[in-house]
Amino acid sequence: MAVPTARDEEAVSRFVERFAAQLTDAGMQRMASRVFAQLLASDGGAMTSAELGEALRISPAAVSGAVSYLTQVNMVSREREPGSRRDRYVLHNELWYETFTRRDQVLTLWEKTLREGATSLGADSPAGARVAETAEFFEFMQKELVGLMDRWRTHRATLHPGP
(Lines give C-alpha, C1' and ligand atoms only; values in the text may rest on other atoms or scores of the structure.)
Protein backbone atom coordinates (compact mmCIF):
# COMPACT_ATOMS: atom_id res chain seq x y z
CA MET A 1 0.00 0.00 0.00
CA ALA A 2 1.33 3.43 -0.93
CA VAL A 3 2.31 5.78 1.87
CA PRO A 4 0.35 9.01 1.67
CA THR A 5 2.45 12.07 0.96
CA ALA A 6 2.03 15.38 2.73
CA ARG A 7 -0.35 17.69 0.94
CA ASP A 8 0.27 21.25 0.01
CA GLU A 9 -2.93 22.62 1.56
CA GLU A 10 -2.60 25.88 -0.38
CA ALA A 11 -2.45 23.95 -3.66
CA VAL A 12 -5.47 21.87 -2.59
CA SER A 13 -7.36 25.07 -1.78
CA ARG A 14 -6.50 26.52 -5.20
CA PHE A 15 -7.76 23.33 -6.86
CA VAL A 16 -11.01 23.42 -4.86
CA GLU A 17 -11.66 27.06 -5.74
CA ARG A 18 -10.74 26.61 -9.41
CA PHE A 19 -12.97 23.56 -9.86
CA ALA A 20 -15.77 25.22 -7.88
CA ALA A 21 -15.56 28.26 -10.17
CA GLN A 22 -15.89 25.98 -13.21
CA LEU A 23 -18.92 24.26 -11.69
CA THR A 24 -20.45 27.66 -10.95
CA ASP A 25 -19.80 28.79 -14.53
CA ALA A 26 -21.63 25.63 -15.65
CA GLY A 27 -24.69 26.61 -13.62
CA MET A 28 -24.29 25.15 -10.13
CA GLN A 29 -24.85 27.39 -7.12
CA ARG A 30 -21.57 28.99 -5.99
CA MET A 31 -21.49 27.72 -2.40
CA ALA A 32 -22.71 24.27 -3.42
CA SER A 33 -19.87 24.18 -5.97
CA ARG A 34 -17.32 24.99 -3.28
CA VAL A 35 -18.68 22.38 -0.84
CA PHE A 36 -18.83 19.74 -3.58
CA ALA A 37 -15.27 20.45 -4.72
CA GLN A 38 -14.04 20.31 -1.10
CA LEU A 39 -15.73 16.93 -0.56
CA LEU A 40 -14.25 15.66 -3.81
CA ALA A 41 -10.78 16.75 -2.66
CA SER A 42 -11.09 15.04 0.73
CA ASP A 43 -9.56 11.57 0.99
CA GLY A 44 -12.65 10.07 2.58
CA GLY A 45 -15.15 11.85 0.33
CA ALA A 46 -16.98 12.84 3.51
CA MET A 47 -16.78 15.74 5.95
CA THR A 48 -18.79 17.23 8.78
CA SER A 49 -20.33 20.67 8.60
CA ALA A 50 -17.64 22.00 10.94
CA GLU A 51 -14.87 20.52 8.77
CA LEU A 52 -16.38 22.01 5.62
CA GLY A 53 -16.82 25.39 7.28
CA GLU A 54 -13.22 25.42 8.49
CA ALA A 55 -11.75 24.24 5.17
CA LEU A 56 -13.74 26.74 3.11
CA ARG A 57 -13.85 29.53 5.72
CA ILE A 58 -17.63 29.75 5.50
CA SER A 59 -20.43 29.94 8.05
CA PRO A 60 -22.49 26.98 9.25
CA ALA A 61 -25.50 28.55 7.50
CA ALA A 62 -23.60 28.62 4.20
CA VAL A 63 -22.64 24.95 4.62
CA SER A 64 -26.24 24.06 5.47
CA GLY A 65 -27.62 25.78 2.38
CA ALA A 66 -25.02 24.20 0.12
CA VAL A 67 -25.53 20.66 1.42
CA SER A 68 -29.30 21.07 1.21
CA TYR A 69 -28.93 21.83 -2.49
CA LEU A 70 -26.39 19.02 -3.05
CA THR A 71 -28.62 16.54 -1.21
CA GLN A 72 -31.63 17.65 -3.25
CA VAL A 73 -29.80 17.01 -6.52
CA ASN A 74 -28.46 13.66 -5.21
CA MET A 75 -24.79 14.61 -5.33
CA VAL A 76 -24.22 14.00 -1.61
CA SER A 77 -26.00 12.23 1.18
CA ARG A 78 -26.20 12.92 4.88
CA GLU A 79 -25.02 10.23 7.29
CA ARG A 80 -24.90 10.24 11.07
CA GLU A 81 -21.47 9.68 12.60
CA PRO A 82 -21.64 6.52 14.76
CA GLY A 83 -22.00 7.46 18.43
CA SER A 84 -22.35 11.14 17.60
CA ARG A 85 -25.03 13.71 16.96
CA ARG A 86 -23.03 15.17 14.07
CA ASP A 87 -23.86 14.55 10.44
CA ARG A 88 -21.28 13.81 7.79
CA TYR A 89 -21.87 14.77 4.19
CA VAL A 90 -20.79 12.02 1.82
CA LEU A 91 -20.22 11.93 -1.93
CA HIS A 92 -22.11 9.18 -3.74
CA ASN A 93 -19.91 6.29 -4.92
CA GLU A 94 -21.08 6.37 -8.52
CA LEU A 95 -21.58 10.13 -8.57
CA TRP A 96 -20.91 10.87 -12.24
CA TYR A 97 -22.71 7.76 -13.46
CA GLU A 98 -25.77 8.69 -11.38
CA THR A 99 -25.62 12.29 -12.59
CA PHE A 100 -25.59 11.25 -16.24
CA THR A 101 -28.31 8.66 -15.64
CA ARG A 102 -30.54 11.39 -14.20
CA ARG A 103 -29.62 13.59 -17.16
CA ASP A 104 -30.86 10.80 -19.44
CA GLN A 105 -34.23 10.94 -17.66
CA VAL A 106 -34.35 14.70 -18.21
CA LEU A 107 -33.49 14.26 -21.89
CA THR A 108 -36.36 11.76 -22.23
CA LEU A 109 -38.80 14.25 -20.75
CA TRP A 110 -37.50 17.09 -22.92
CA GLU A 111 -37.65 14.97 -26.07
CA LYS A 112 -41.29 14.03 -25.38
CA THR A 113 -42.27 17.65 -24.74
CA LEU A 114 -40.39 18.85 -27.82
CA ARG A 115 -42.09 16.28 -30.05
CA GLU A 116 -45.48 17.41 -28.74
CA GLY A 117 -44.42 21.02 -29.29
CA ALA A 118 -43.33 20.32 -32.88
CA THR A 119 -46.74 18.79 -33.57
CA SER A 120 -48.50 21.79 -32.02
CA LEU A 121 -46.37 24.24 -34.00
CA GLY A 122 -46.79 22.35 -37.26
CA ALA A 123 -43.96 20.33 -38.77
CA ASP A 124 -43.86 22.54 -41.86
CA SER A 125 -43.46 25.80 -39.92
CA PRO A 126 -39.94 27.12 -39.21
CA ALA A 127 -40.54 26.91 -35.44
CA GLY A 128 -41.98 23.39 -35.72
CA ALA A 129 -39.00 22.21 -37.79
CA ARG A 130 -36.56 23.77 -35.30
CA VAL A 131 -38.30 22.15 -32.32
CA ALA A 132 -38.50 18.78 -34.13
CA GLU A 133 -34.75 18.94 -34.87
CA THR A 134 -34.07 19.70 -31.21
CA ALA A 135 -36.10 16.60 -30.25
CA GLU A 136 -34.03 14.55 -32.72
CA PHE A 137 -30.85 15.91 -31.13
CA PHE A 138 -31.97 14.80 -27.66
CA GLU A 139 -32.95 11.36 -29.00
CA PHE A 140 -29.48 11.05 -30.55
CA MET A 141 -27.82 12.16 -27.30
CA GLN A 142 -29.72 9.56 -25.30
CA LYS A 143 -28.66 6.74 -27.58
CA GLU A 144 -25.05 7.87 -27.45
CA LEU A 145 -25.14 8.31 -23.68
CA VAL A 146 -26.18 4.68 -23.11
CA GLY A 147 -23.23 3.41 -25.13
CA LEU A 148 -20.89 5.91 -23.54
CA MET A 149 -21.82 4.80 -20.02
CA ASP A 150 -21.32 1.14 -20.99
CA ARG A 151 -17.86 1.97 -22.37
CA TRP A 152 -17.05 3.91 -19.19
CA ARG A 153 -17.90 0.90 -16.96
CA THR A 154 -15.65 -1.31 -19.10
CA HIS A 155 -12.84 1.26 -19.00
CA ARG A 156 -13.25 1.86 -15.27
CA ALA A 157 -12.78 -1.86 -14.58
CA THR A 158 -9.34 -1.62 -16.22
CA LEU A 159 -8.36 1.30 -13.98
CA HIS A 160 -8.95 -0.53 -10.70
CA PRO A 161 -8.42 -4.25 -11.34
CA GLY A 162 -9.12 -6.62 -8.51
CA PRO A 163 -12.08 -7.91 -6.51
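These numbers were taken from a predicted model, which means no experiment stands behind them.

Undergrad: Account for the packing of aromatic side chains, with residues named and values stated.
TA: Centre-to-centre distance and the angle between the planes together describe a pair of aromatic rings. In total, this model carries three aromatic pairs according to the counting rule given. Between phenylalanine 15 and phenylalanine 19, the ring centres sit 6.1 Å apart and the planes meet at 5 degrees, which makes this aromatic pair stacked. With phenylalanine 15 and phenylalanine 19 both in helix H1 (residues 9-25) and four residues apart, this pair spans about one turn of that helix. A connected cluster of aromatic rings, assembled from ring pairs, spans Trp110, Phe137 and Phe138.

Undergrad: Please set out the pattern of salt bridges residue by residue, giving values where relevant.
TA: Pairing between side chains of opposite charge can happen when their charged atoms approach one another. Inspection of every chain in the model, using the stated rule, returns 12 salt bridges. Linking aspartate 87 and arginine 78 is a salt bridge whose minimum nitrogen-to-oxygen distance equals 3.9 Å. Given the relative accessible area of 43%, arginine 78 is considered partly exposed. As a salt-bridge pair, aspartate 87 and arginine 80 come within 3.3 Å of each other at their nearest N and O atoms. Taken together, the salt bridges that share partners define one network made up of Glu111, Arg115, Glu136, Glu139 and Lys143.

Undergrad: Explain the pairing of strand E2 (residues 76-80) to me, and be specific about the residues and the numbers.
TA: In this sheet, strand E3 (residues 87-91) lies alongside E2 in antiparallel orientation, the contact comprising five bridges. Bridged to arginine 80 within E3 is aspartate 87. Between E2 and E3, which pair antiparallel and follow one another directly, the connecting turn spans six residues, one of which, glycine 83, has a positive phi of 75 degrees.

Undergrad: Lay out the confidence of the model for the chain in plain terms, naming residues and giving numbers.
TA: The predicted model of the chain averages 87 in pLDDT, with 89% of residues at 70 or higher. By mean pLDDT, the top-scoring element of the chain is helix H3 (residues 49-56) (96), and the lowest-scoring one is helix H5 (residues 95-121) (80).

What counts as what
Residues numbered from 1 in each chain as written. Predicted model: local features only at pLDDT ≥ 70, side-chain atom pairs only at ≥ 80, totals over all residues. Heavy atoms only, no water. Phe/Tyr/Trp six-rings, centres within 6.5 Å; stacked < 30°, edge-to-face > 60°. Helix = DSSP H or I, 4+ residues; strand = E, 2+ residues; numbered from the N terminus. Salt bridge = Lys/Arg side-chain N within 4 Å of Asp/Glu carboxyl O. Buried < 20%, exposed > 50% of the residue type's maximum accessible area, 1.4 Å probe, protein only. Pairing = 2+ DSSP bridges. pLDDT = per-residue confidence, 0-100.

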